Amino acid sequence: QVRLEESGGGSVQAGGSLKLSCVASGSTDNNYCMAWLRQSPGKERVEVASVSSEGRSYVTHSLKNRVTISRDHAKNTLEMQINNLNPEDAGIYYCAASGPYGLCSPSSYMNWGRGTQVTVSS
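Residues numbered from 1 in each chain as written. Predicted model: local features only at pLDDT ≥ 70, side-chain atom pairs only at ≥ 80, totals over all residues. Heavy atoms only, no water.

Attention now goes to the state of the cysteines. One pass over the structure, following the stated rule, counts two disulfides. Paired by a disulfide, C22 and C95 hold their sulfur atoms 2.1 Å apart. Between C22 and C95, the S-S dihedral sits near -80 degrees, and the bridge is therefore left-handed. Taken together, the positions of C22 in strand β3 (residues 18–25) and C95 in strand β9 (residues 91–98) put the pair 73 residues apart, joining distant regions of the chain. (Disulfide = S-S within 2.5 Å. Helix = DSSP H or I, 4+ residues; strand = E, 2+ residues; numbered from the N terminus.)

This next bit is on the environment of N84. Mapping N84 onto the fold places it in the loop between β8 (77–82) and β9. According to the relative accessible area criterion, N84 is partly exposed, its value standing at 47%. Taking the C-alpha atoms as reference points, N84 and A74, 10 residues apart in sequence, are found 30 Å from one another. (Buried < 20%, exposed > 50% of the residue type's maximum accessible area, 1.4 Å probe, protein only.)

Turning our attention to the pattern of salt bridges. In this structure the tally under the stated criterion is three salt bridges. Between E54 and R56 there is a salt bridge whose closest N-O contact spans 3.4 Å. Given the relative accessible area of 54%, R56 is considered exposed. Between D89 and R66 there is a salt bridge; the shortest N-O distance is 2.8 Å. (Salt bridge = Lys/Arg side-chain N within 4 Å of Asp/Glu carboxyl O.)

Assignment of secondary structure puts E6 in strand β1 (residues 3–7). Among buried Asp, Glu, Lys and Arg side chains, E6 stands out as unpaired, with R114 the closest opposite charge at 7.6 Å. A polar side-chain atom of E6 sits 2.7 Å from the main-chain amide nitrogen of C95. Setting aside residues no more than four positions away along its own chain, E6 makes contact with S21, C22, W36, Y93, Y94, C95, G113, R114, G115 and T116. (Lys, Arg positive; Asp, Glu negative; His and termini not counted. Polar contact = N/O pair within 3.5 Å; in protein donor to acceptor, adjacent residues only side chain to side chain. Contact = heavy atoms within 4.5 Å.)

Geometry of an aromatic ring pair is reported as the spacing of the ring centres plus the angle between the planes. For the structure on display, the rule yields two aromatic pairs. Between Y94 and W112, the aromatic rings sit 6.4 Å apart at their centres with planes inclined by 80 degrees, giving edge-to-face as the arrangement. With Y94 in strand β9 and W112 in strand β10 (residues 109–112), the pair connects residues that are 18 residues apart, well separated along the chain. Aromatic pair Y109 and W112: ring centres 6.4 Å apart, planes at 85 degrees, arrangement edge-to-face. The exposure class of Y109 is buried, given its relative accessible area of 5%. Under the relative-accessibility criterion, W112 is labelled partly exposed at 33%. Taken together, the ring pairs in this structure connect Y94, Y109 and W112 into an aromatic cluster. One cation-aromatic arrangement involves R45 over W112; the distance from NZ or CZ to the ring centre is 4.8 Å. (Phe/Tyr/Trp six-rings, centres within 6.5 Å; stacked < 30°, edge-to-face > 60°. Lys NZ or Arg CZ within 6 Å of the ring centre and 35° of its normal.)

This is the structure:
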């Protein structure tokens with residue numbers, strides 16, 4: 001069982017930046033994928049970024065070139081820096097983790113944080 005807690009959300013003007021953090025606890029290994037997913041009002045939850053247990057990262061097209069994502073396996077943390085935010089980036093960002101040896105895929109995420117809200121004003 002992995003427990004996740006997000007932080008770093010808030011309100012920012014368009015063009016600003018935020019750094020989101022996720023801390024995982026309750027796991028004795030790091031053989032799982034960690035990911036960020038966004039839930040925008042009235043829209044389906046979508047994956048925006050992930051880092052596999054091997055350190056392989058994925059960033060959705062809309063955030064490419066604006067995101068720096070890093071995972072610290074020793075500290076069980078996942079961080080995502082988002083630059084040049086725009087209103088389309090707004091929503092609740094959830095940290096998620098797969099089960100052991102799970103794939104980096106939305107269908108594999110078994111553990112979820114409660115989310116951290118990002119608001120972008122123009």
